[in-house]
Amino acid sequence: MDELFGRDEECDRLTAALDAARRGTSAVAVLRWLGRERRTREARDELRVAYELFGAMGAQGYAARTAQELSAAGDPAQPGARARSGGGDLTPQEARVARLAAGGATNAEIAAQLYLSVHTVDYHLRKVFRKLDVHSRRELSDQRDRLTSA
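Residues numbered from 1 in each chain as written. Predicted model: local features only at pLDDT ≥ 70, side-chain atom pairs only at ≥ 80, totals over all residues. Heavy atoms only, no water.

## Quick notes on the pattern of salt bridges
Keep this limit in mind: Salt bridges are defined by distance alone: a side-chain nitrogen of Lys or Arg within 4 Å of a carboxyl oxygen of Asp or Glu. Think of it this way: any DSSP run of H or I at least four residues long counts as a helix, any run of E at least two long counts as a strand, and we number them from the N terminus.
On inspection of all chains with the given rule, the structure shows 3 salt bridges. The residue Arg126 makes a salt bridge to Asp122 at a minimum N-O spacing of 3.7 Å. In this pair, Arg126 and Asp122 both sit in helix α6 (residues 118-132), 4 residues apart, roughly one turn of the helix. Counted as one network, the salt bridges with shared partners bring together Glu94, Lys127 and Lys131.

Quick look at the structure:
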């Protein structure tokens, strides 16, 4: 009889974990919609919920992806995530784009890896070039050490 009760508790834990995963993935879907509607404060609130749910259930991959989304929405999951680099502050998203570009990735490759449009990658690179006072990808790659330490 004890064995049967143990399975009920395990089933309850698994059901709770599945419900948490559904809430987390739903929050990410809501974020995308809110982002398109330019309601970033609400998007950050939903992302924070998703990040905490994924972290609590040990879904590290989802938590990491949600942390990236949260950071891109302007609310870094970890304190101090804003990178100081060269002549200006790079946002976490700008720093990721800059590191990939410095490593030789094309805009299309960066877009695919970061789940962005090619236009958005171009936008971030223009801001990075201006902030770091560089004029080419070659100059950016020369600063790769500074970008990876940021």
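## Brief notes about helix α2 (residues 40-57)
Since the α-helix packs 3.6 residues into each turn, any two residues three or four apart lie on the same face. The condition that has to hold: The span expected for a helix works out to 1.5 Å for each residue beyond the first. Exposure is judged per residue with a 1.4 Å probe applied to protein chains only, and the accessible area is read against the type maximum: over 50% gives exposed, under 20% gives buried, and values in between give partly exposed. Starting at the helix axis, one direction is taken to each C-beta atom, and the arc is that of these directions.
Here α2 contains 18 residues, and its C-alpha end-to-end distance of 26 Å stays within 8% of the 26 Å for a straight helix at 1.5 Å per residue. Listed as buried for α2 are Ala43, Leu47, Ala50, Tyr51, Leu53 and Phe54. Considered in projection along α2, the buried side chains sweep an arc of 165° and stay on one side of the axis. With respect to the buried face of α2, the exposed residues turned more than 90 degrees away are Arg41 and Ala56. Directly beyond the C-terminal end of α2, a positive phi value near 80° is found at Gly58.

## Considering unusual backbone geometry
Unusually for a residue other than glycine, Tyr115 sits at a positive phi of about 60°. Looking at the secondary structure, you find Tyr115 in the loop between α5 (107-114) and α6. Overall, Tyr115 belongs to the exposed group, its relative accessible area being 58%. We note that Asp133 has phi near 55°; this positive angle belongs to a residue other than glycine. When you line up the elements, Asp133 lands in the loop between α6 and α7 (137-142).

## Topic: the environment of Ser136
In this fold, Ser136 is placed in the loop between α6 and α7. Along the backbone, Ser136 and Ala102 are 34 residues apart, and their C-alpha atoms lie at a distance of 9.9 Å.

## A few points about the side chain of Asn107
On the secondary structure map, Asn107 appears in helix α5. Look at Asn107 and you get buried, because its relative accessible area is 18%.

## A closer look at the side chain of Glu94
What counts here: Each polar contact in these results corresponds to two N or O atoms within 3.5 Å; when the atoms are within protein, one needs to be able to donate a hydrogen and the other to accept it, and residues that are neighboring in sequence are counted only if both atoms are side-chain atoms. Any two residues whose heavy atoms approach within 4.5 Å are treated as being in contact.
Positionally, Glu94 belongs in helix α4 (residues 92-102). At a separation of 2.8 Å, a polar atom in the side chain of Glu94 contacts the side chain of Lys131. In this structure Glu94 touches Asp89, His124, Lys127, Val128 and Lys131, once residues within four positions along its chain are discounted.

## Quick notes on the confidence of the model for the protein
Using the following cut-off: On a range of 0 to 100, pLDDT expresses the predictor's confidence in each residue.
The pLDDT averaged across the protein works out to 75; a share of 67% of its residues lies at or above 70. Every residue in residues 79-87 is under pLDDT 50, and counting partners more than four places away or in other chains gives 23 contacts.

## What about the packing of α5 against α6?
Convention followed: For helices, the axis comes from a line fit to the C-alpha atoms of the stretch in contact; other axes are also lines fit to C-alpha atoms, and the angle between any two N-to-C directions lies between 0 and 180 degrees. An angle below 35 degrees is treated as roughly parallel, one above 145 as roughly antiparallel, one from 65 to 115 as roughly perpendicular, and anything else as oblique. Amino acids are sorted into nonpolar (Ala, Val, Leu, Ile, Met, Phe, Trp, Tyr, Cys and Pro), charged (Asp, Glu, Lys and Arg) and polar (every other residue, Gly among them).
In the contact formed by α5 and α6, the axes pass within 8 Å of each other and the chain directions differ by 105°. Between α5 and α6, the angle falls in the class roughly perpendicular. Listed contacts from α6 to Asn107, Ala108, Ile110 and Ala111 of α5 are Val118, Val121, Asp122 and Leu125. Each residue belonging to the contact of α5 with α6 can be placed in one class, and the counts come to 6 nonpolar, 1 polar and 1 charged.

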